[in-house]
Amino acid sequence: MSEGPRHGCDHVEGCITCGDEAAAMRIERIDGERELALCVTEDGARRSVEIALVQPVSEGDTVLVHAGAAIGRVAEEVSA
Amino acid sequence: MSMRYVDEYRDAEIGQALAGKILGSIEPGRHYKVMEVCGGHTHSIYKYGIDDLLPENVELVHGPGCPVCVMPMGRIDDGIAMANEEGVIFTCFGDMMRVPGSKKTFTDARAEGADIRMVYSPLDALRIAKQNPDRDVVFFAIGFETTAPSTALTLKRAKAEGVGNFFCMCNHVTIVPPLRALLDSPDLRLDGFIGPGHVSTVVGARPFEFIPADYGKPIVVSGFEPLDILQSIHMILTQLAEARAEVENQYSRVVPYEGNVAALKVMAEVFELRPHFEWRGLGFISQSALKLSDAYADLDAERRYEVPGVRVADPKACQCGEVLKGVIKPWECKVFGTACTPEHAIGTCMVSPEGACAAYYNYGRFAREKEVV
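Residues numbered from 1 in each chain as written. Chains lettered and ligands numbered in written order. Predicted model: local features only at pLDDT ≥ 70, side-chain atom pairs only at ≥ 80, totals over all residues.

Colleague: Explain the overall build of chain A residue by residue, including any values.
Modeller: Looking only at helices and strands, one finds zero helices and five strands in chain A. If you list the helices and strands of chain A from N to C, you get β-β-β-β-β. Looking at the 80 residues of chain A, the share that counts as buried comes to 42%. Residue pairs in contact within chain A that sit at least 24 positions apart in sequence constitute 29% of those at least 6 positions apart. (Helix = DSSP H or I, 4+ residues; strand = E, 2+ residues; numbered from the N terminus. Buried ≥ 20, exposed ≤ 12 C-beta atoms within 10 Å, placed from the backbone. Contact = placed C-beta atoms within 7 Å.)

So, in structure tokens, the structure goes:
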């Protein structure tokens, strides 16, 4: 079970299918033409992410990534 | 995103303070049943021991929000049939690999020679298709409205780039119809709902307005950190104490009330509703799943391949249906922890890491013992 960057069947990390482990990722670099971005997780893992659904975004923004697509922007301010 | 951001939602002192507020908002002697719709919440609840912070008369009930758990065995059989077609590379998320079909799992089929590969995203599956132009690549798409946009984008991309060997077996499901089915179920008594945070990122909070409007029950769309969930429970209990029933959005730092309009648009273009779809344990529910729209018919694996398409009854011993409806707790199932474990699962609720049974098995043993005593 070693294919892919991180397999989904992980009791700690959660489940890709539900996407409830949806990772908040920071946008490092944008390929505007293909609407893809190189994004990085908190622990440094990098992935290619679809950004068509959260445009406009800029490098440095944090987005919520599900199964390779960003589906939401994460607000900067923290309000507990 | 820094650690500080996450830490603020895991602060134990604030958690205790919230637990105190929860205690202050309940009527002694009244029993409260609150359903967390989403498997991700179930996991956070057990991982962080959130139920231990709740008063005894506040009971959390696990909902149907794990798409793996609700997938009927017949669909797995159909996927395996496609994977066994000559020349096919079959791709799916890792969590599907051990889900039992009527005879075997994808892992078994792979051991027997089918080319089944785990992918992290539909985009990865499309990449495999481009790398293997002489073979058909089928992607087993599954998930609620959280993952459906990703599948939709990939199908659009495949079409735009003219990738002719990429096909999708669509198993996407929608969240509102099963909630309505649950609310219509006569053996269910619930006081309120913890709403799914990430589905709501896409669909918004508005689609849940029928819960207070038609059923008079509160729902609070919640984040996944421990303090998010505690705060959401407090908001639900406060509504009940004040005899209100509304949709509230605890997770407003991520969830816009109207959802992600661009995602809804691309989903509407690529998918259409199936007239009905079978949910494991819940039966057939009208308009509760998606298939590819006619515009994407040439990418539809179900139109390309003959599959058995047979409805398979759940194993008799398995009580996933009752667990999914919140009628019984996982440990009340006859085979929980004995015949059915994460290593040798009978029911999907044990296979999927998001499933209520797996969550109980991995995190909830102490809670279970406490409840038994």
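Colleague: How would you summarise the packing of helix H3 (residues 39-47) of chain B against helix H16 (residues 356-363) of chain B if you had to cite specific residues and measurements?
Modeller: Residues and elements named next belong to chain B. At a minimum axis separation of 9 Å, H3 and H16 run at an interaxial angle of 10°. Taken together, the axes of H3 and H16 lie roughly parallel to each other. Where H3 crosses over H16, the handedness of that crossing is right-handed. On H16, the residues touching Thr42, His43, Tyr46 and Lys47 of H3 are Ala356, Ala359, Tyr360 and Tyr363. Tallied by class, the residues present in the contact of H3 with H16 amount to five nonpolar, two polar and one charged. (Axes fitted to C-alpha atoms, helices over the stretch in contact; angles between N-to-C directions. Parallel < 35°, antiparallel > 145°, perpendicular 65-115°, else oblique. Left-handed = near helix turned anticlockwise from the far one by under 90°. Nonpolar A, V, L, I, M, F, W, Y, C, P; charged D, E, K, R; others polar.)

Colleague: Pulling in residues and values, what's your account of the sheet that holds strand S5 (residues 136-143) of chain B?
Modeller: Residue and element names in this part refer to chain B. Spatial ordering of the open sheet is given by S4-S3-S5-S6, a layout of four strands whose pairing is parallel. Each of the sheet's edge strands pairs with one partner strand only, and the pair in question is strand S4 (115-118) and strand S6 (166-172). Geometrically, the sheet is characterised by an average inter-axis angle of 20° between neighbouring strands, direction not taken into account. Sheet analysis places strand S3 (residues 88-92) next to S4, joined by four bridges and oriented parallel. Across the sheet, Cys92 pairs through a bridge with Met118, a residue of S4. Its contacts with the sheet place helix H6 (residues 122-131) against S3, S4, S5 and S6, and it is angled at close to 175° to S5. Contacts from helix H7 (residues 148-160) reach S5 and S6, with the element oriented near 160° to S6. (Pairing = 2+ DSSP bridges.)

Colleague: Give a detailed account of the environment of Val255 of chain B, specifying residues and quantitative values.
Modeller: Residues and elements named next belong to chain B. Relative to the helices and strands, Val255 resides in the loop between strand S9 (247-249) and helix H12 (261-270). Through-space distance from the C-alpha of Val255 to that of Ser222 is 9.1 Å; in sequence the pair is 33 residues apart. Not counting chain neighbours up to four residues away, the residues in contact with Val255 comprise Gly197, Ser200, Thr201, Ala205, Val221 and Asn249.

Colleague: I'd like a description of the environment of Glu332 of chain B, backed by residues and values.
Modeller: In this structure, Glu332 of chain B sits in the loop between helix H14 (320-325) and helix H15 (348-351). For Glu332 of chain B and Thr147 of chain B, which are 185 residues apart along the polypeptide, the C-alpha to C-alpha distance reads 32 Å.

Colleague: So, the nonpolar core: which residues are in play, and what are the values?
Modeller: Nonpolar side chains in soluble globular proteins tend to be buried together. Counting 138 residues, the largest nonpolar core has Ala70 of chain A together with Val138 and Cys168 of chain B as the members making the most contacts within it. In terms of residue count, the dominant contributor to this core is helix H11 (residues 226-241) of chain B (eight residues). The residues touching Cys168 of chain B, leaving out its near neighbours within four places in the chain, are Phe139, Ala141, Thr151, Leu155, Leu292, Leu299, Asp300 and Ala301 of chain B. (Core = buried A, V, L, I, M, F, W, Y, C linked by C-beta atoms within 7 Å.)

Colleague: Which residues make up H3 of chain B, and what are the values?
Modeller: Residue and element names in this part refer to chain B. Where burial is concerned, most of H3 is hidden: eight out of the nine residues are buried. Taken residue by residue, H3 has Gly39, Gly40, His41, Thr42, His43, Ser44, Ile45 and Tyr46 as its buried positions. Tucked into the core, H3 has its buried residues touching strand S1 (32-38), strand S2 (58-65), strand S7 (192-195), H11 and H16. Backbone geometry just after H3 places Gly49 at a positive phi near 65°.

Colleague: Now, about the pairing of S4 of chain B: what can you tell me, with residues and values included?
Modeller: Where burial is concerned, the two faces of S4 of chain B differ: the one with Ile116 and Met118 of chain B is buried and the one with Asp115 and Arg117 of chain B is not. In this view, the connection linking S3 of chain B to its parallel neighbour S4 of chain B by way of helix H5 (residues 106-111) of chain B has right-handed handedness. (Right-handed = clockwise from strand over helix to strand, strands pointing away.)

Colleague: Report on the packing of helix H2 (residues 12-24) of chain B against H11 of chain B, specifying residues and quantitative values.
Modeller: In a pair of packed helices, the angle between the axes and the distance between the axes together describe the arrangement. Residues and elements named next belong to chain B. Running from N to C, H2 and H11 point in directions that differ by 15°, and their axes come no closer than 9 Å. Considering their axes alone, H2 and H11 lie roughly parallel with respect to each other. Considering only the axes of H2 and H11, their crossing is left-handed. In contact with Ile14, Gly15, Leu18, Ala19, Lys21 and Ile22 of H2, H11 contributes Pro226, Leu227, Leu230, Gln231, Ile233, His234 and Leu237. A breakdown of the residues in the contact of H2 with H11 according to their chemical character gives nine nonpolar, three polar and one charged.

Colleague: Residues and numbers for the pairing of strand S4 (residues 62-66) of chain A, please.
Modeller: Residues and elements named next belong to chain A. In terms of burial, S4 is largely enclosed, as five of its five residues are buried. With burial as the criterion, each face of S4 is covered, one bearing Thr62, Leu64 and His66 and the other bearing Val63 and Val65. Sheet analysis places strand S1 (residues 23-31) next to S4, joined by four bridges and oriented antiparallel. Across the sheet, the residue bridging to Ala23 is Val65, located in S4. Pairing of S4 with strand S5 (residues 69-73) involves four bridges; the strand directions are antiparallel. Bridge pairing in S5 links Val65 to Ala70.

Colleague: Account for the sheet that holds S2 of chain B, naming residues and giving values.
Modeller: Residue and element names in this part refer to chain B. Sheet architecture is open: five strands sit in the order S2-S1-S7-S8-S9, paired in parallel fashion. Edge strands, defined here as strands with exactly one partner in the open sheet, are S2 and S9. In this sheet, neighbouring strand axes are inclined to one another by 20° on average, regardless of whether the strands run parallel or antiparallel. The sheet contact formed by strand S8 (residues 219-221) and S9 spans three bridges and is parallel. Bridge pairing in S9 links Val221 to Asn249. Each of S1, S2 and S7 touches H3; the most contacted strand, S1, lies at about 120° to it.

The values are spatial; any link to function lies outside them.
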